[in-house]
There are 2 protein chains.
Amino acid sequence: MPVEKRNPIPVREAIKRVVEQDIETEVQNVPLNKSLGYVLAEDIVATYEIPRFNKSPYDGFALRSEDTVGASGDNRIEFEVIDHIGAGSVSDKTVGPNQAVRIMTGAEVPAGADAVVMLEQTKEGDHTFTIRKTFSHNENVSLKGEETEVGDVVLKKGQRINAGGIAVLATFGYTEVPVRKLPSAAIIATGSELLDVGDELEPGKIRNSNGPMIEGLLNQFGLDGEVYKIQEDDLESSIAVVKQAMETHDMVITTGGVSVGDFDYLPEIYKALDAEVLFNKVQMRPGSVTTVAVAHGKYLFGLSGNPSACYTGFQLFVKTGVLNMMGANEKFPQVVKATLMEDFKKANPFTRFIRSKATLNGMEATVVPSGFNKSGAVVAIAHSNAMVMLPSGTRGFHAGNTVDVILTETDVFEEELLL
Amino acid sequence: MPVEKRNPIPVREAIKRVVEQDIETEVQNVPLNKSLGYVLAEDIVATYEIPRFNKSPYDGFALRSEDTVGASGDNRIEFEVIDHIGAGSVSDKTVGPNQAVRIMTGAEVPAGADAVVMLEQTKEGDHTFTIRKTFSHNENVSLKGEETEVGDVVLKKGQRINAGGIAVLATFGYTEVPVRKLPSAAIIATGSELLDVGDELEPGKIRNSNGPMIEGLLNQFGLDGEVYKIQEDDLESSIAVVKQAMETHDMVITTGGVSVGDFDYLPEIYKALDAEVLFNKVQMRPGSVTTVAVAHGKYLFGLSGNPSACYTGFQLFVKTGVLNMMGANEKFPQVVKATLMEDFKKANPFTRFIRSKATLNGMEATVVPSGFNKSGAVVAIAHSNAMVMLPSGTRGFHAGNTVDVILTETDVFEEELLL
């Protein structure tokens, strides 16, 4: 069998080809408390002001600022308390000269009043209190509309919903949220050398770590993955499984089978599916043989069987593709400059990605490879929160060099209390 | 009723009091594919080498390097192919002089052979091939144990499990993973001014956004929250609900009711529960009245009813407390230096936290407030990925100043393709 010729394309070009696909999941409504991580399918527009009414930000007394003129330590001014309202209640009284309403945090400032005196600023008597300073118009009042006016776009179409987004949606009464469906993913690990996690070891075989890792990456990203039984390197059954997976999922992620050898059937599977191969070789290490194809409006991600290469392909192409399907505005990896803290002497004919641990607690971030670095390495992934990116055409790098870093982890915490 | 006197403590001291509590959830086993986000309760130790055997990283031919000496373009050396193995298979042949075994990526290098020639480096005939360069001992061989030796600690007790951690656990055959239980949380929003999200608006009232936001924050952190019906400001029923919540959950998060006013019952609830109050006032804005207490070995987080203050309290105290309960090594917020991009002229008698958007794509990170900034603001939360922290005792800050930033969001993506 002749060796297939492949044309490696730059990483940037590969990512572009992924997002240029006009593939979007359908719009649906999800309950508010399930909407975290979804991408909004519509702008969310304020239907009323926030705050909705002039509001007290403190527990205290609402009064007329004009009545406080001239108050001082030597000249305490007395007010009569004519009503007493909790948050959520509205006083039916109108505050007149030297009158006040006792008011709780969040309650509406009553008619007539234009300032709030904090409890701590008063000396209380029976149904009266005194103050010793002047208050200005609107002092200690949260004004109607000061945060948001009617018609303001408070959340943008294409924005991923975070906890703060949920709070905004709750404020405007969205019990259901218009979003694009989260893509469902099939995960198919291929390779005759693979055992299930629970299997006893056999000579020449290894346990399948890519399947569980991909499921974990999807979960971390808020998506579910259906894990298919490991596929032996057999063409007919592999085609059947991929076809079936495509019928029930929005994308298919395979690991392994992407090389050019006799037992790597992925190219033939793509042919059988009439898939358009966007690329099958990328100018990157690890994962140069990563393949992305499209068939029947669905992505087929052909990741390497090597864990580090598989992981790299997921970070670069699957995440981007998923965000593209969800209609996200922000879908590209974040890139941060950092100082490399140890030598990395290998030449980089292709762009190199290194699972690393970035530390951001200085004005300049630093980064250090998180362990053994080779395409098949797995432990260093667990210890990484970032990937160093060394551009193609470069040679060795040294401690102290500045390098590009892609952050891959979320919720990073420190061993030390730094604040 | 006299105004309660409270003693505000520094943020750092408050966080310390939270983590000094000896509160840990029990150790349990969870299935591997559900272990994401849990904290390991034991060191994971390598029970065999990775790789387990000398392995081919390429599709090619395994041969004896000594037989390649003298090969060149003018002097191609021929090898006889004596076997053909896929990954997962082991050859029963021993490679002799000028013999080779066709071998797939991931397969074990057969006996006798000590180097692998990539397919691309050969010219193939029938059952033979020729090469034109010399190969060295162990060239293109992934050596047994080069990543991990037997006995190496590959994952540490106290480490949170990420997708890479799952891959490591899969590799070593962990179908079940020893972890500390994820704490379960009860969420109780208090306040007579609160309506449910689906309710029609009423005068003086607002919809409850804190409850859904806290649930979203917990979900984003991998935890479930049980949302209780909104509690009116009524002491007896509030005590009953908190008691019931404590019986079924590892912690109780309340919002509102933490101030010093007549309708704020939280202090009395703590008294009724015989709770130890760790602090009830912190030198921070917003959220100075945030309270954390402990009763019967469980945390009671009393967050402010103001969304921004509620959010800030969650980021600083709930996350830290949850990680403490889970036995995490890294449980403190990450702090990053960044350049403030607009003026912030207010004085800061207390440490100030501002929901902000940090951009990390330069050597120096930058940060800008993400919208209207007041304790009751909600929209700016949705647009933030970080909190600026201005230390107590400082006055105004200007564009160009360097400030501390706590990253709060995960999976940050850019609108532009930067690599």
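One can find the structure itself at the top, above this paragraph.
Since the structure is predicted, the reported quantities are computational estimates derived from the model, not experimental observations. (Residues numbered from 1 in each chain as written. Chains lettered and ligands numbered in written order. Predicted model: local features only at pLDDT ≥ 70, side-chain atom pairs only at ≥ 80, totals over all residues. Heavy atoms only, no water.)

Undergrad: Please set out helix 3 (residues 210–220) of chain A residue by residue, giving values where relevant.
TA: Residue and element names in this part refer to chain A. Burial analysis of helix 3 places 9 of its 11 residues in the buried class, which makes it a mostly covered element. Those residues of helix 3 lying buried are Asn210, Gly211, Pro212, Met213, Ile214, Glu215, Gly216, Leu217 and Leu218. Within two residues after helix 3, Gly222 carries a phi angle of roughly 90°, on the positive side. (Buried < 20%, exposed > 50% of the residue type's maximum accessible area, 1.4 Å probe, protein only. Helix = DSSP H or I, 4+ residues; strand = E, 2+ residues; numbered from the N terminus.)

Undergrad: Account for the sheet that holds strand 7 (residues 115–118) of chain A, with residues named and values stated.
TA: Residues and elements named next belong to chain A. Pairing in this open sheet of 6 strands is mixed, and the strands run 7-4-6-5-9-8 from one edge to the other. One side of each edge strand has no neighbouring strand; the edge strands of this open sheet are strand 7 and strand 8 (123–124). Of the strand pairs in this sheet, strand 4 (residues 60–63) and strand 7 are connected by 4 bridges, and their pairing is antiparallel. Bridge pairing in strand 7 places Gly60 opposite Met118. (Pairing = 2+ DSSP bridges.)

Undergrad: Give me the pattern of salt bridges: which residues, what numbers.
TA: Under the defined criterion, the tally for this structure stands at 14 salt bridges over all chains. Notably, a salt bridge pairs Asp67 of chain A with Arg64 of chain A, separated by 2.9 Å at the nearest N-O pair. Close ionic contact of Arg180 of chain B with Glu24 of chain B constitutes a salt bridge, the shortest N to O distance being 3.1 Å. Taken together, the residues Arg180 of chain B in strand 11 (residues 176–180) and Glu24 of chain B in the loop between helix 1 (11–19) and strand 1 (27–31) connect sequence positions 156 residues apart. Its relative accessible area of 17% is what places Arg180 of chain B among the buried residues. Among the charged side chains, a salt-bridge network with shared partners connects Arg64, Glu66 and Asp67 of chain A. (Salt bridge = Lys/Arg side-chain N within 4 Å of Asp/Glu carboxyl O.)

Undergrad: Account for the packing of helix 3 of chain A against helix 6 (residues 307–325) of chain A, with residues named and values stated.
TA: Residues and elements named next belong to chain A. Close contact between helix 3 and helix 6 brings their axes to 11 Å; oriented N to C, the two are set at 25°. Taken together, the axes of helix 3 and helix 6 are roughly parallel relative to one another. For the crossing formed where helix 3 meets helix 6, the hand is right-handed. Across from Asn210, Met213, Ile214, Leu217 and Leu218 in helix 3, the residues of helix 6 making contact are Pro307, Cys310, Tyr311, Phe314 and Gln315. Partitioning the contact of helix 3 with helix 6 into residue classes produces 8 nonpolar, 2 polar and no charged. (Axes fitted to C-alpha atoms, helices over the stretch in contact; angles between N-to-C directions. Parallel < 35°, antiparallel > 145°, perpendicular 65-115°, else oblique. Left-handed = near helix turned anticlockwise from the far one by under 90°. Contact = heavy atoms within 4.5 Å. Nonpolar A, V, L, I, M, F, W, Y, C, P; charged D, E, K, R; others polar.)

Undergrad: Lay out the sheet that holds strand 17 (residues 276–279) of chain A with the relevant residues and their values.
TA: All names here are of chain A. Spatial strand order, 15-12-16-20-19-17: 6 strands in an open sheet with mixed pairing. Two strands close off the open sheet at either side, each with one partner strand: strand 15 (225–227) and strand 17. When the angles between neighbouring strand axes are averaged without regard to direction, this sheet yields 25°. Bridge analysis of strand 12 (residues 185–189) against strand 16 (residues 251–255) gives 5 bridges, and the strand direction is parallel.

Undergrad: Can you tell me about the packing of aromatic side chains, naming the residues and giving the values?
TA: All chains considered together, the criterion is met by 10 aromatic pairs over all chains. An angle of 55° between the planes, with centres 5.2 Å apart, marks the rings of Phe279 of chain B and Phe317 of chain B as tilted. Residue Phe279 of chain B is located in strand 17 (residues 276–279), and its partner Phe317 of chain B is located in helix 6 (residues 307–325); the two are separated by 38 residues in the primary sequence. The exposure class of Phe279 of chain B is buried, given its relative accessible area of 3%. On the basis of an interplanar angle of 25° and a centroid distance of 5.2 Å, the ring pair of Tyr299 of chain B and Phe301 of chain B is categorised as stacked. With a relative accessible area of 0%, Tyr299 of chain B lands in the buried category. Through successive ring pairs, a cluster of aromatic residues spans Phe61, Phe79 and Phe129 of chain A. Its end group placed over the ring of Tyr48 of chain A, Arg52 of chain A keeps NZ or CZ at 5.8 Å from the ring centre. A cation over a ring is seen here: Arg160 of chain A above Phe221 of chain A, with NZ or CZ 4.6 Å from the ring centre. (Phe/Tyr/Trp six-rings, centres within 6.5 Å; stacked < 30°, edge-to-face > 60°. Lys NZ or Arg CZ within 6 Å of the ring centre and 35° of its normal.)

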